[in-house]
Amino acid sequence: MLKDITLGQYYPADSVVHKLDPRVKLFATLIYIIALFTFRGLLGFAVITGMLIFMIHISKVPFSYMVKGLKSIVVLLIITAVFNLLFTSTGTMYWHWGPFYVTSAGIMNAVLMTVRLIYLIIGTSLMTLTTTPNQLTDGLEKSLGFLSRIHVPVHTIAMMMSIALRFIPILMEETDKIMKAQMARGADFEHGNLIKRAKNMIPLLIPLFVSAFRRADDLAMAMEARCYSGGNGRTKMKPLKYEREDHVAYVILLGFLAAVIAARILFSFPM
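Everything numeric here is computed off the predicted structure, so don't read it as measured data. (Residues numbered from 1 in each chain as written. Predicted model: local features only at pLDDT ≥ 70, side-chain atom pairs only at ≥ 80, totals over all residues. Heavy atoms only, no water.)

**Q** Sorry, what's going on with the packing of aromatic side chains here?
**A** Two aromatic rings are characterised by how far apart their centres lie and by the angle between their planes. Counted according to the given criterion, the structure contains four aromatic pairs. With centroids separated by 5.7 Å and ring planes inclined at 70°, the aromatic side chains of Y242 and Y250 adopt a geometry described as edge-to-face. By relative accessible area, which is 30% here, Y242 ends up partly exposed. Ring-pair connections join several aromatic residues into one group, and the members of that group are F27, Y242 and Y250. (Phe/Tyr/Trp six-rings, centres within 6.5 Å; stacked < 30°, edge-to-face > 60°. Buried < 20%, exposed > 50% of the residue type's maximum accessible area, 1.4 Å probe, protein only.)

**Q** Even after reading the chapter, I still don't get the pairing of strand 2 (residues 100–103), so can you show me in this structure?
**A** A regular strand places its side chains on the two faces of the sheet in alternate fashion. Where strand 1 (residues 93–97) meets strand 2, four bridges bridge the pair, whose relative direction is antiparallel. Within strand 2, the position partnered with W97 by the bridge is F100. Counted along the chain from strand 1 to the antiparallel partner strand 2, the turn is two residues long, and its residue G98 has a positive phi close to 60°. (Pairing = 2+ DSSP bridges. Helix = DSSP H or I, 4+ residues; strand = E, 2+ residues; numbered from the N terminus.)

**Q** Is there a simple way to explain the packing of helix 2 (residues 22–36) against helix 6 (residues 104–130) in this structure?
**A** When two helices pack together, their arrangement is given by the angle between the helix axes and by the axis-to-axis distance. Direction vectors running N to C along helix 2 and helix 6 enclose 180°, while the axes themselves pass 10 Å from each other. In terms of their interaxial angle, helix 2 and helix 6 are classed as roughly antiparallel. Judged by residue contacts, K25, L26, T29, Y32, I33 and L36 of helix 2 engage R116, Y119, L120, G123, T124, M127 and T130 from helix 6. (Axes fitted to C-alpha atoms, helices over the stretch in contact; angles between N-to-C directions. Parallel < 35°, antiparallel > 145°, perpendicular 65-115°, else oblique. Contact = heavy atoms within 4.5 Å.)

**Q** So what exactly am I meant to see when it comes to the pattern of salt bridges here?
**A** Close approach of charged atoms allows side chains with opposite charge to pair. Overall, the coordinates contain three salt bridges when judged by the stated rule. Between D21 and R23 there is a salt bridge, and its shortest N-O distance comes to 3.0 Å. Among the salt bridges present, the one from R215 reaches E174, with a minimum N-O distance of 3.2 Å. A residue pair is termed long-range when its members are at least 10 positions apart, and R215 in helix 10 (residues 202–225) and E174 in helix 8 (residues 154–184) qualify at 41 residues. Here R215 falls in the partly exposed class, since its relative accessible area comes to 35%. Accessibility expressed as a relative area gives 18% for E174, which makes it buried. (Salt bridge = Lys/Arg side-chain N within 4 Å of Asp/Glu carboxyl O.)

**Q** What's the story with the nonpolar core in this structure? I'm lost.
**A** General note: in soluble globular proteins, nonpolar side chains tend to be found buried as a group. Core analysis: the biggest nonpolar cluster contains 31 residues, and L36, I48, M66 and F256 have the highest contact counts within it. Mapped by element, the contributors of at least two residues to this core are helix 2, helix 3 (42–59), helix 4 (63–67), helix 6 and helix 11 (244–267). Counting residues per element, this core draws most heavily on helix 6, at seven residues. Among all residues touching F256, those that are not within four sequence positions of it are I31, Y32, A35, V47, I48 and M51. (Core = buried A, V, L, I, M, F, W, Y, C linked by side-chain atoms within 4.5 Å.)

Quick look at the structure:
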């Protein structure tokens, strides 16, 4: 299960997507999320699906590598689908028992929300898999630079995000080591019902939190030893600069958003 978590991991490859400016990829992710929760109708679904397939293809990241990240949210997908299916009372009624309903609108909502969550995980994973944490930090800081005029600590926020992304795979690896050590001592994390398995995970929490706080303390001491004092007056080793491909990407993204909005207005169906 832990090996299936791809959030925060970077997949090196020589592709157009990898070479894009991180600001473009952050903007693309924002546009993608807006489009994903805006579309209505089969045409909008087809536009988003085609765009997602195209981006995965040119990113040269294996599709199987992206899909395995969905294994960690299977329970969330099931809960989302069940709640939308059983607690939507509008539409054509097919079955009813107490507070539970099965209607045409409920079935549609369950399918749409499940698809949206799957597409959301795959789309956001594409950004993190093709962008290093340093690039994400630089892109976020540059994109939100205008907020520094109203004294928002943009550099600090970007640094916190970068450190958090870096810690995710480290903590997953640490959790895997602790689990193997506990299993060698007779712990069972694979059998039993959901409640029993959750109780068996409790012995993992204390050593994991201790390890996380220790790593955070070591990182803080290392930053203080190097006289780190924030982003004021700091320069970049690799300053961000837009290239021709970045401008083309912006045009494609705006066209994609316009197509989704047009599909929603012209070919939407009742929710």
